[in-house]
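These are the residues of each chain, in order.
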Amino acid sequence: MDRRYLTTPIYYASGEPHIGHAYTTILADALARFFRQEGHDVLFLTGTDEHGQKIQEEAARREVAPLELCDQMAERFKAAWHDLDICFDRFIRTTEAEHVRVVEAFLQRLLSRGHLYEGSYKGWYCVPDERYWTEKDLGPGQTCPDCGRPVREIEESNWFFRMSAFQDDLVRHIEANPDWIVPEVRRNEILGFLQKPLGDLSISRPKSRLQWGITLPFAQDHVAYVWVDALINYFTASGALPSDPAADDPGWEDTAASWWPADLHLIGKDILTTHAVYWPTLLMGVGLPLPRQILAHGWWVVGDTKMSKSLGNVVDPLQLREEFGTDALRWYLLREMPTGQDASYTPERFLTRYEELANVLGNLASRVLSMTMKYRGGVVPSAPGSGLDGAIGVTLDRVEEAVAAYRVHDALGAAMDLARDANGYVEEREPWAQAKDESRAEELDETLASLARVLVVLTALFQPVCPDRMGELASRLGLAGVPTLAEALEVDISGNEVAKGSPLFPRKDR
Ligand code: ME8
């Protein structure tokens, strides 16, 4: 069976999960569900990033030990993902013993291959972003060029990774693999960045400044830079655990038995450089294959500003979920944001998208189920039910093409169009008129059978975004569970007893 390994960023354990985190994770979840439907064996990884200055400072502010803060926050993220119906296969925490061991082995191997050296660093540091900047990078009034917050000047001894030595190989890799970074605008951004000489990367912090991190195996007075530690999580979770950091350990050469390399790293565009420059060069340093693809999506913005915890303008996804339901939130986030572009969150757009669910998909289900109750005693009639086959065929092609290009918003748009077509079919066939005339019984059977069949296909198409409601609809159609797409096309539901139930997506007052 074909395998797919896909990852989200591991989120900082210093703050609550918000809508931006929810978006990336739901996008990964929907893709994982589409891939599983297609018959792939999937490893879907998410987790928390638990070391570094940001965590150390937040723990101090709350007057708890760093690990205690991380324990609490990892549970918060897991609970949020549970509430949002995220079916991850592995939740990694960077404080796990297994990960610590892999990071140590990774760094030891970089050292033994001659890619690390000791030096001194003088420059500026942004704690919220955990990023170094040089004087010339800084924004007005000595602020971070990325997030605009104040930076700190530091001077200290550090271990460095000879990242500059891999610049040419990286450029060649990006040029030879046009789809390695998508969308193209992000690929161009990285190619532009790589036109300037690449510096070396500081990979450690002296313990005199930061204690909360993984101690370098060859320098007990330093901890690993949190970004290096964090990026390695993707390798740890692949299960390709080299038992011995020695350069000739076969675990490094043979990753075939593990999930490495990852097929897709899903990230926001804020962390593109770390994933498309630091990470691949580090992998080249230890001699591991590179991930197959990086997808950097856009930002949820409010007005013109990125939604972010430290800017204090975040929308709490769990609050929206309480009001509208998990599936409605998932639908809004995935349908509203074209993959790769920014999208603006507004309560009005949320309602408009919700109404699409209620008035098109929900309404179709309710009409079909109630007409089957009323005209055929709740039993799906036995008839070919091919009235919507043309529309189904067109939809499946559109969905397949869109998912392959990660255009999930288009895949969902295509699925909703099928529900629209089915509503149009109801208007056109006028089953209420067919029901009044005994001689048209066969026509009515065909209408209802076609509509029941399209509902089965819709449960499969909407399942990756609305798993809860589609499970409910499948059960109302007398099915044991939501079928895969292939099964949905085959299944014969004539004779099934249906149940009407309450609205799948209750109407909301504006
Ligand atoms: O950067 N719109 O963690 P983080 C869309 N620990 N997505 C958003 C968003 C927004 N407004 N805000 C956040 C880190 N995200 C590191 C990652 S990975 C080895 C280490 C999402 O908690 C988006 O995926 O700051 C972004 O890249 C991520 O959250 C940053 O999460």
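Cut-offs and rules
Residues numbered from 1 in each chain as written. Predicted model: local features only at pLDDT ≥ 70, side-chain atom pairs only at ≥ 80, totals over all residues. Heavy atoms only, no water. Near = heavy atom within 4 Å. Polar contact = N/O pair within 3.5 Å; in protein donor to acceptor, adjacent residues only side chain to side chain. Areas by Shrake-Rupley, 256 points an atom, 1.4 Å probe, with all protein chains shown as cover. 1 Å grid on protein atoms, 1.4 Å probe; cavity = no way out; pocket = protein on both sides within 12 Å on 5 of 7 lines; lining within 4 Å. Sits in = over half its atoms within 2 Å of the grid points. Helix = DSSP H or I, 4+ residues; strand = E, 2+ residues; numbered from the N terminus. Nonpolar A, V, L, I, M, F, W, Y, C, P; charged D, E, K, R; others polar. Pairing = 2+ DSSP bridges.

(A) Layout of the site of the ligand. Taken together, the neighbourhood of the ligand is formed by 24 residues, with I10, T24, D49, W300 and M307 sitting nearest. Separating an oxygen atom of the ligand from a side-chain N or O atom of H21 is a distance of 3.2 Å. Backbone polar atom of W300 to a nitrogen atom of the ligand: 2.8 Å apart, as the coordinates give it. Calculation on the ligand without its partners gives an accessible area of 680 Å², and the protein chains cover 95% of this total. When atom positions are compared with the pocket grids, the ligand is found to occupy the largest pocket. Elements supplying a minimum of two residues to the shell around the ligand: β1 (3-12), α1 (19-37), α7 (226-231) and α8 (233-236). Broken down by element, the shell around the ligand gets its largest block of residues, 4 residues, from β1. Here the residues of the shell around the ligand are counted per class, giving 12 nonpolar, 9 polar and 3 charged.

(B) Layout of the sheet that holds strand β3 (residues 90-93). Read across the sheet, 6 strands follow the order β3-β2-β1-β12-β13-β7 without closing on themselves; strand pairing throughout is parallel. Where the open sheet ends on each side, the last strands, each with one partner, are β3 and β7 (181-182). Bridging between β7 and strand β13 (residues 294-297) involves 2 bridges; their strand directions are parallel. Bridge pairing links V182 to L295 in β13.

(C) Highlighting the sheet that holds strand β11 (residues 219-224). Reading across the sheet, the 3 strands line up as β9-β11-β10 and stay open at both edges, with antiparallel pairing between neighbours. This sheet does not close on itself; its edge strands, each paired only once, are β9 (204-206) and β10 (215-216). The pairing of β9 with β11 spans 3 bridges and is antiparallel. Looking at β11, one finds that P206 is bridged to H222.

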